[in-house]
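Survey of secondary and tertiary structure
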Amino acid sequence: MCGIAGYIGKKKAAELLLKSIKNLEYRGYDSVGMVTSSEGKIHIRKGAGKVDEVNAKLDFPSMPGTVGIAHTRWATHGKPSDRNAHPHISYSGKIAIAHNGIIENYLELKESLQGIEFKSDTDSEVLAHLIEKNYQGNLLKAVQLSLKMVIGTYAICVINTNSEEIVVARNGSPLAIGIGKGENFVGSDVSAFVAHTKKVIYLNDFESAEIRTNSVSIFNNEGKKISREPKTIDWDIEKAQKGGYKHFMLKEIHEQPQVVRDSISIPVFFPMKERPSRIFIVACGTAGYAGLVGKYIIEKSARIPVEVAYASEFRYAEPIIGKDDLFIAISQSGETADTLAALRLAKQKGAHTLAIINVMDSTIARESDAVIYTRAGPEIGVASTKAFISQLVVLYKLAAELSGKKYDLTTIPQKIDAILSQEEKIKETAKKYFLAHNFLYIGRNLNFPIALEGALKLKEISYIHAEGYASGEMKHGPIALVSDEVPTVAIAPRDSTYSKIVSNMQEIKARNGKIIAVASEKDGEIAKHADDILPIPTTEEDLYPLLTVVPLQLLAYYIADLRECDIDKPRNLAKSVTVE
Ligand code: F6R
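Right, let's walk through the structure included here. (Residues numbered from 1 in each chain as written. Predicted model: local features only at pLDDT ≥ 70, side-chain atom pairs only at ≥ 80, totals over all residues. Heavy atoms only, no water.)

**Comments concerning the sheet that holds strand β17 (residues 306-310)**
An order of β17-β16-β18-β19-β20 is seen for the 5 strands of this open sheet, with the pairing classed as parallel. Looking along the sheet, the strands with just one partner apiece sit at the ends: β17 and β20 (370-373). For this sheet, the mean inter-axis angle between neighbouring strands, taken without regard to orientation, is 20°. Two strands pair when backbone bridges link them, and strand β18 (residues 326-331) and strand β19 (residues 352-357) are joined in this way by 6 bridges, in the parallel orientation. By the bridge assignment, Ala329 is partnered in β19 with Ala355. The sheet contacts of helix α13 (residues 386-403) involve β16 (279-283), β18, β19 and β20, and relative to β19 the element is tilted by about 140°. (Pairing = 2+ DSSP bridges. Helix = DSSP H or I, 4+ residues; strand = E, 2+ residues; numbered from the N terminus. Axes fitted to C-alpha atoms, helices over the stretch in contact; angles between N-to-C directions. Contact = heavy atoms within 4.5 Å.)

Take a look at the structure:
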């Protein structure tokens, strides 16, 4: 995820664009850059760091011109550095591009551009050269033609030395055009320009647009001009940064279909040639629960023993781990102190190490033998949601790689969309239970880790005491807690342990416990055993965690919102736990 912005009009582009990318900085902030066009020349300044830091060095507002594009980066290909910062310039210096997305066939395209010297390690730079190669006096046509050769996702913003137009296009990454009077704007979202205009045209996938000072023309996939009326938005700047959502957490929950789509194409690999004797998955909190799902799927499919440990325990447990073993660290931030210490210990003991990390070039990523980056984009809400789902996708892919088993992940995004469309129902359920002081979460098999994750989400953002249990454990102690004041969330999709969890639900009902069931939408029986139902689509058994977690995130969110909690910054917590 990155932020892109563009301006064409009569004002000084650089001054305006600096404010735009500051507003987009939540989308990524490891490097920043700007390009303006004036008097037949492209002017470029860019560098690694946050917008304010880089601006202090490079003084963006002093750049000349009334046309420009800017970018704030969240690295995917190529570490954060001055040379990898966007925009990128074509080989003759005439065309500049800013890109958000991933060009999957960039290596192939790079080969077709032999003789051109590449100045960065990014996938995006290839677009600048490709567009120049296809340029025959019409920038729009050159962009449209070039994008036909591209496989991947993009929102791109392109200018050239003539200062007459900005050309934009999108597929899979968001892009909005702000319509002004004698000036027009571009942004990854409206926060880039909402201070100047509230009239906006959203581009759809495979559309492109030519934006001039006094006109905006939209083109479909075949390059035919189409008409689209601007919408008027009623957002203020704060709302706009959250994409219209009340909190980043809610926005991030809603980003999950796209995150799964992006994560499906993540290449996975191992730092060892031989099959590991054992796998250790070590992490903290939510990342650890992703690891627990990983244990079930890897052991089931690849028949390799997997141990999952809290990083804080692993390091003091004198673990028996060695050169035949694979150690997997999972971390959104890549900076969690305990996970880092566990990694160092595993390395010291000779294990092969692999990290599954969201933040590029973070310490754990750098210190592991191999790293697989999740594609969740920056996660701002302290409660992890979209990073978790991306970690799960990587673990399914690793299990598939080890075992040869095929998981059909491609239907998951639309199924998550279907769950998100039930948001009102989940909100109504939250209204019934938000005053409870204690909650139980139960699940079996692969959904046991989701019970733990559901309980963690609720406690951390709503401050309600909640515990997750393997539902078969209820009779061994926790059922003593059941009363009409302690609701139980039962994760009960139609899988092979369905009848078992239904029995556990009946035992709870028999003791006056209220039950909220996460259940398959086609389950005609479940209403007999539950007070409230959070429906999910059906899927193959092993993939249920990718679906069952979503209503639990929303339930926790709405309960916390009804309790007026500070959802994005819950008390006592920090996004990155860099101390033991
Ligand atoms: C819970 C949450 C935490 C983190 C944990 C590990 O919502 O976010 O439990 O999962 O602190 O953090 P990372 O993944 O950055 O190592």
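Moving on from the coordinates now.
**Structural notes on the pairing of strand β6 (residues 95-103)**
By the criterion of burial, β6 is predominantly enclosed, with 9 of the 9 residues buried. A loop of 5 residues connects strand β5 (residues 88-89) with β6, the two strands running antiparallel in sequence, and Gly93 in this loop sits at a positive phi of about 80°. For β6 and strand β7 (residues 152-160), the ladder comprises 9 bridges, and the chain directions are antiparallel. Paired with Asn100 across the bridge in β7 is Ala155. (Buried < 20%, exposed > 50% of the residue type's maximum accessible area, 1.4 Å probe, protein only.)

**Here's the deal with the packing of helix α1 (residues 13-23) against helix α2 (residues 51-58)**
Running from N to C, α1 and α2 cross one another at 155°; their axes reach a closest spacing of 10 Å. Considered as vectors, α1 and α2 are oriented roughly antiparallel to each other. Listed contacts from α2 to Leu18, Ile21 and Lys22 of α1 are Val51, Asp52 and Asn55. Its residues placed into classes, the contact of α1 with α2 shows 3 nonpolar, 1 polar and 2 charged. (Parallel < 35°, antiparallel > 145°, perpendicular 65-115°, else oblique. Nonpolar A, V, L, I, M, F, W, Y, C, P; charged D, E, K, R; others polar.)

**Some remarks on unusual backbone geometry**
Along the chain, His86 connects to Pro87 via a cis peptide bond; the corresponding omega equals -5°. Structurally, Pro87 is set in the loop between β4 (67-73) and β5. A positive phi angle, close to 60°, is found at Ser163, a residue other than glycine. In this fold, Ser163 is placed in the loop between β7 and β8 (166-171). Owing to a relative accessible area of 25%, Ser163 belongs among the partly exposed residues under this scheme. Look at Tyr463: it is not a glycine, yet its phi comes out positive at around 65°.

**Concerning helix α11 (residues 337-348)**
Turn by turn, an α-helix covers 3.6 residues, leaving residues three or four places apart pointing in a common direction. Between its first and last C-alpha, α11 extends 17 Å over 12 residues, near the 16 Å set by a 1.5 Å rise per residue. Inspection of α11 places Ala337, Asp338, Thr339, Leu340, Ala341, Ala342, Leu343, Leu345 and Ala346 among the buried residues, and these make up the whole buried set. On the buried face of α11, the contacting elements are β16, α10 (311-314), β18, β19 and α12 (363-367). Where α11 terminates, the next one or two residues include Gly350, which has phi positive at roughly 95°. (Expected span 1.5 Å × (residues − 1).)

**Details of the packing of α13 against helix α18 (residues 544-562)**
Across the interface, α13 lies against α18 with an axial gap of 10 Å and an inter-helix angle of 170°. One way to sum up the angle between α13 and α18 is to call them roughly antiparallel. Listed contacts from α18 to Phe388, Ile389, Leu392, Val393 and Tyr396 of α13 are Pro545, Leu546, Val549 and Val550. When grouped by side-chain class, the residues that make up the contact of α13 with α18 number 9 nonpolar, no polar and no charged.

**Considering the site of the ligand**
Close contacts around the ligand come from 14 residues, with Ser331, Gln332, Ser333, Thr336 and Glu460 the closest. Coverage of the ligand by the protein amounts to 89% of the 410 Å² it exposes when considered alone. Taking a 2 Å distance to the grid points as the criterion, the majority of the atoms of the ligand fall inside the second largest pocket. Of all elements in the fold, only α9 (285-302) and α16 (448-462) reach the threshold of two or more residues within the shell around the ligand. Taken together, the residues that form the shell around the ligand break down as 5 nonpolar, 7 polar and 2 charged. The residue makeup of the shell around the ligand includes at least three contributed by each of domain 2 (242-407) and domain 3 (416-580). (Near = heavy atom within 4 Å. Areas by Shrake-Rupley, 256 points an atom, 1.4 Å probe, with all protein chains shown as cover. 1 Å grid on protein atoms, 1.4 Å probe; cavity = no way out; pocket = protein on both sides within 12 Å on 5 of 7 lines; lining within 4 Å. Sits in = over half its atoms within 2 Å of the grid points. Domains from an automatic or database assignment.)

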